[in-house]
Amino acid sequence: MSGAKRPPSPGGVPLMGHGLAFARDPWSAMREWATEDDVVALEFPGRSMYMVTDPHLIERMLVSDQAQFTLSRAQRQTFAGIEDDAVTATEGERWKRLRRALQPAFEWSGVRGYGDRMAERTAAHVADWEPGDRLDLWAEMRQLTLHILGDTLLGVDLTGDEAVVHEAADALVAKTDFRRPGQLLPDWVPTPTQRRFDRAVGDLDDYISAVIADSGPGDATVVGVLLAAHERDEISMAEVQDNLAALLLAGHDSSAVTLTYAWYELSRHPETRERLVAEVEEVLDGDLPGADDFDDLERVQNVVRETLRLYPPAFATSREATEAVTLGGYALPAGAQVMAPQWVLHRDERFWDDPDTFDPTRWERDADRPEYAYFPFSGGPRHCIGMRFARLELVLALATMVDRVDLDVSVDEPLTFTPSLSLRPESDVFATVREV
Ligand code: HEM
C-alpha cells in the first residue's frame, strides 16, 4: 500500500462534480474520463466512485482478487425492495448458497435442451408479421424473450401476463436511472417513481406466488429446482420468491436489448445481413435451428458477439472494496465503489480497430487482446449465471428470424440509451417488415 497515490480526477465542476457531464451524455463522458488514466476518481452528488479501464485490473477485481471486493452500493440499492433475498442482491456465504441452489437449472446439459423451443417460439412470434407491417421493435423483442424464458427455464406460459413483468422491469429501470434527481433519496420517500415501483413489485410478488402455488419440487423447471432446494431446507420461501423475480427480470430484458440492436445494425448493413442469410440457409436448409446447430452458425454468433460489444446490455459492472486496495499503483480506501465499464472497454481503440464500427467479421480475424477488454457477461464467480442460456437463445432466435423476415429499422439518430439497469433504447425503435 505504501507509495500508492490517489487516482487523478478528470475535470469535474464545483458541487456537481462529474454528475453534470454524466447527466448530459454519460456515454461520451465515461470515454472521455478514461483517457485521463486507467483508474480515475469521480465525484457525483452524494457519492464518490472510481472507474477502472485497464483489463488486467478488471480481471483482478472480478476474478483473481475477488475476495477483496463485494457487491457495490449501486447493486444493493438497485435490487432493494424487489430482490432482497435473491442471488443478485446477496453476498458472502448466503450468495454462495443461493448460487449453488440455482446452478442445476443453468447447466449446459439442461440449457441445450431448450434450443428447439427457443426457435419454435421465435418462428411463431414472427409468423404473423406481414410485409409492410410497422412494428415497435423493442416491444416485440421483449415480448419474444419473455415468452422464451417462460416456455423454457420457468416452465410457465406467460401469454397474457406479460404486463405484470414488464411493468416491474420498467419501474425498476425508472428507479435506477442514474440521472433521476430523486435517485439518492431513501426508498421510504414516496416519490412518484418509488410509488410506481412499490405497486409494480406488489403485483409481481402476487404473480410469482401464484406460479409457485401451481408448481412442485419435482418439476423440471427452475421453479422446481428452487422448490426442491426449499424442501431440503437449503433455501427459504422468501428466497424462492425473490430468485424467481430476479430471473423474470434479468432473464429477458438484456436479451431483448441485444436482439433490438442486432436488428438495428443488420438494417444498416445489408451486406452483413446477406452473409448471415447465406450461412443460415446453408446450415439449416429451411429447418428450424436447434442447439446442435449452434457451433455451425458462426456468422450469427459473430453478429451476437459484435452487438454485445457495441451495445453491452450491462454497460458497467461495479463492486465495493472490502478493504484498502492498490489498483494500478493507486490507493483505494476500504468501502471504495469501483466501476468497470463494459461500455468504455468494448469501444477502446487500444483493443479494437475502428471501435465504433459494427463489423462482425472482426471476430473472424485473430486478435491478441486481453480477456477483460470484452466482458458482456462480466467475469469471476459472480458472472452472469444465464450466460449460456442467453447465448443459445440469441443465436437461435436471430437465425430463426433472419431466415423468415427482413426488417427496415428506423430510429431518431443518433441512437441514445437509458443509463440504467440495462442499455435500453431511449426513444422508439420502429421497424417495417420487408418482403424477403
Ligand atoms: C444478453 C443477455 C445477458 C447479459 C448481457 C447479461 C449480463 C449480466 C451481467 C453483466 C451480470 C452481472 C455480473 C456481475 O455483477 O459481475 C449478470 C448477472 C446475472 N444474470 Fe445476466 N445477462 C444476460 C442474460 C441473462 C439471462 C438470460 C439470465 C437468466 C435466465 C440472467 C440471469 C442473471 C443473474 C441471476 C445474475 C446474477 C448472478 C449473481 O450475482 O451471482 N442473465 N448478467
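Details of the structure are given in the entry above.
Now for a description of the structure that goes with this document. (Residues numbered from 1 in each chain as written. Predicted model: local features only at pLDDT ≥ 70, side-chain atom pairs only at ≥ 80, totals over all residues. Heavy atoms only, no water.)

Topologically, Gln241 is positioned in helix α12 (residues 237-250). Here the side chain of Gln241 touches Asp205 through a polar contact of 2.9 Å, landing on its backbone oxygen. At 3.5 Å, the side chain of Gln241 and the side chain of Ser209 are in polar contact. Other than its neighbours up to four places away in sequence, Gln241 contacts Asp205, Ile208, Ser209 and Ile212. (Helix = DSSP H or I, 4+ residues; strand = E, 2+ residues; numbered from the N terminus. Polar contact = N/O pair within 3.5 Å; in protein donor to acceptor, adjacent residues only side chain to side chain. Contact = heavy atoms within 4.5 Å.)

The next thing to look at is unusual backbone geometry. Residues other than glycine predominantly adopt negative phi, and peptide bonds predominantly adopt the trans conformation. In this structure, the amide linkage connecting Glu413 to the following residue, Pro414, adopts the cis form with an omega of -10°. By the secondary structure assignment, Pro414 is in the loop between β9 (406-411) and β10 (429-434). Even without being glycine, Asp285 reaches a positive phi, approximately 50°. Note on placement: Asp285 falls in the loop between α14 (270-284) and α15 (298-310). Note on Asp285: relative accessible area 64%, which makes it exposed. (Buried < 20%, exposed > 50% of the residue type's maximum accessible area, 1.4 Å probe, protein only.)

With respect to burial, strand β2 (residues 47-52) is a largely interior element, five of its six residues being buried. When strand β1 (residues 39-44) meets β2, the two strands line up antiparallel, connected through six bridges. Across the sheet, Phe44 pairs through a bridge with Arg47, a residue of β2. In textbook terms, the turn of a hairpin is the stretch between consecutive antiparallel strands, and for β1 and β2 this stretch comprises two residues, one of which, Gly46, has a positive phi near 80°. Bridging between β2 and strand β8 (residues 337-340) involves two bridges; their strand directions are parallel. (Pairing = 2+ DSSP bridges.)

Attention shifts here to the packing of aromatic side chains. Inspection of the entire model under this criterion finds 16 aromatic pairs. Judged by centre distance (4.6 Å) and plane angle (25°), the rings of Tyr261 and Tyr311 are stacked. Of this pair, Tyr261 sits in helix α13 (residues 253-268) while Tyr311 sits in the loop between α15 and β5 (317-321), and the two are 50 residues apart along the sequence. Judged by relative accessible area, which is 0%, Tyr261 ranks as buried. Where Trp352 meets Trp363, the ring centres are 5.6 Å apart and the plane angle is 55°; that geometry is what we call tilted. With Trp352 in the loop between α16 (342-345) and α17 (387-402) and Trp363 in the loop between α16 and α17, the pair connects residues that are 11 residues apart, well separated along the chain. Classification of Trp352 by relative accessible area gives buried; the value is 1%. Lys175 extends its terminal NZ or CZ atom over the ring of Phe197, reaching a point 4.2 Å from the ring centre. (Phe/Tyr/Trp six-rings, centres within 6.5 Å; stacked < 30°, edge-to-face > 60°. Lys NZ or Arg CZ within 6 Å of the ring centre and 35° of its normal.)

Take it as geometry only, folks, not as evidence of what the structure does.
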